[in-house]
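# Secondary and tertiary structure notes
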Amino acid sequence: MKPAAFDYHRVERVDDALERLAELGEDAKVLAGGQSLVPMMNFRLVRPPALVDITRIPDLKYVMRDGDALRVGALTLHREIELLRDPDVVSGYELLPRAARWVGHYPIRTRGTFGGSVAHADPSAEWCMLAVLLDATIVALGPDGEREIPAADFFLGFFTSALEPGELLVEVRFPRPRPHAALHEFARRHGDFAIVAAAVALDLDGDVVREPRVVVGGVDEVPLRVEAAETVLDGAAPGGEAFAEAGRAAAQAVDPSADVHGSAEYRKDLTDVLVRRALAEAIHADRGGSDGA
């Protein structure tokens, strides 16, 4: 398939991108890697009249620490996240490079971008789930200046985000390290979007779980925080009994739809299993535990 005709505009500065988006109107799309947008255009699922290609803007490709926080530029490649090893940068955020291996196939990871995935707002996408899990802030620039949007408020539905027309996602900020964190997912083929994915993060206070977070993807129109499972875990001793109860609570809390990949009940069962697996990995993650390979 070939896309419908469109105008192409390449920019090399953020200000130029914002100016061009303002000129072209709300139907113009931003090209930030194209690993989701271009296939949709080829199948004519979307027909934007114009593309603004921001991939040559050097100022949007970085991963850096800002105190405890981690800042990821919108044009940082999936593969660059996957290869993060510098402890001065990644310490406490080891979940990000571990999770990157679940993102698509190798060619996709070498071209697709972190910010592009978040802006695309697929509820099964790993970076969208981790943004919610780790309380990230989405930084957008637009005609009225900079806007900071909590990840919990950013994802509004399937492929729908809180970005306004003319705004550009420029950065994702993670506020604090969560060394005890893990992500597990299930797809029919490695690299496909997950049928169900589960991401968890927790703190350990001696032999007690504190501040647990559980997010499930593939069961709702947005990455879904499952507070019922968090309630089970908070104050519990980490281990099989609490994790099994949390898995059951998560399965009962989600209300997935059925499709060609599986029934609603199948997705509930996967939610149960994957939450348990992620929790079991998370408690050992800071000691170099399994990356799920």
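Just above sits the structure.
No experiment lies behind these values; they were computed from the predicted model shown.

### Re the overall build of the protein
Along the backbone of the protein there are twelve helices and 14 strands. Its C-alpha atoms give the protein a radius of gyration of 19 Å, near enough to 19 Å, the size a compact globule of 293 residues would have. With respect to the principal axes defined by its C-alpha atoms, the protein has extents near 55 × 45 × 35 Å. Counting only residues that meet the buried cut, the protein has 51% of its 293 residues in that class. In the protein, 63% of the contacts between residues at least 6 apart in sequence involve partners at least 24 apart. Surface accessibility of the protein: about 13600 Å² in total, with carbon and sulfur atoms responsible for 48%. If the 32 positive side-chain charges of the protein are averaged to one point and the 48 negative ones to another, these points end up 6 Å apart.

### Side note on the nonpolar core
Within the largest apolar cluster, 45 residues are counted, with the highest numbers of intra-cluster contacts made by Val118, Trp127, Leu130, Phe155 and Phe174. If you tally residues by element for this core, the top one is helix H8 (residues 126-133), at seven residues. With 26 residues, the next largest nonpolar core counts Ala182, Val219, Ala236 and Leu279 among its residues.

### Considerations on the sheet that holds strand S3 (residues 50-53)
Taken in spatial order, the three strands make up an open sheet running S1-S3-S2, and their pairing is parallel. Edge positions in the sheet fall to strand S1 (7-10) and strand S2 (29-31), since each of these pairs with one other strand and no more. Sheet twist, expressed as the mean angle between neighbouring strand axes with direction ignored, is 25°. Set on the sheet, helix H1 (residues 14-24) makes contact with S1, S2 and S3; between it and S3 the angle comes to about 175°.

### What about the packing of helix H11 (residues 240-253) against helix H12 (residues 264-282)?
Helix-helix packing is described using two parameters, namely the angle between the two axes and the distance between the axes. Viewed as axis vectors pointing N to C, H11 and H12 meet at an angle of 145°, and their least axial separation amounts to 8 Å. Relative to H12, H11 is oriented so that their crossing is right-handed. Touching Phe243, Ala244, Ala246, Gly247, Arg248, Ala250, Ala251 and Gln252 of H11 are Lys268, Thr271, Asp272, Val275, Arg276, Leu279 and Ala280, all from H12. For the contact of H11 with H12, a count of residues per class yields eight nonpolar, three polar and four charged.

### Details of the sheet that holds strand S6 (residues 137-142)
Within the open sheet, the five strands sit side by side as S4-S5-S10-S6-S7. Their pairing is antiparallel. With partners counted over all chains shown, the strands left at the sheet margins are strand S4 (63-66) and strand S7 (145-150), one partner each. Strand-to-strand, the axes of this sheet are offset by a mean angle of 25°, without reference to chain direction. Judged from the four bridges that link them, S4 and strand S5 (residues 69-73) form a sheet pairing that is antiparallel. Residue pairing across strands places Arg65 opposite Leu70, the latter belonging to S5.

Reading the values: the criteria
Residues numbered from 1 in each chain as written. Predicted model: local features only at pLDDT ≥ 70, side-chain atom pairs only at ≥ 80, totals over all residues. Heavy atoms only, no water. Helix = DSSP H or I, 4+ residues; strand = E, 2+ residues; numbered from the N terminus. Rg over C-alpha atoms; globule rule 2.2 N^0.38 Å. Buried < 20%, exposed > 50% of the residue type's maximum accessible area, 1.4 Å probe, protein only. Contact = heavy atoms within 4.5 Å. Areas by Shrake-Rupley, 256 points an atom, 1.4 Å probe, with all protein chains shown as cover. Lys, Arg positive; Asp, Glu negative; His and termini not counted. Charge placed at Lys NZ, Arg CZ, Asp CG, Glu CD. Core = buried A, V, L, I, M, F, W, Y, C linked by side-chain atoms within 4.5 Å. Pairing = 2+ DSSP bridges. Axes fitted to C-alpha atoms, helices over the stretch in contact; angles between N-to-C directions. Left-handed = near helix turned anticlockwise from the far one by under 90°. Nonpolar A, V, L, I, M, F, W, Y, C, P; charged D, E, K, R; others polar.

Read these as spatial facts, not as claims about activity.
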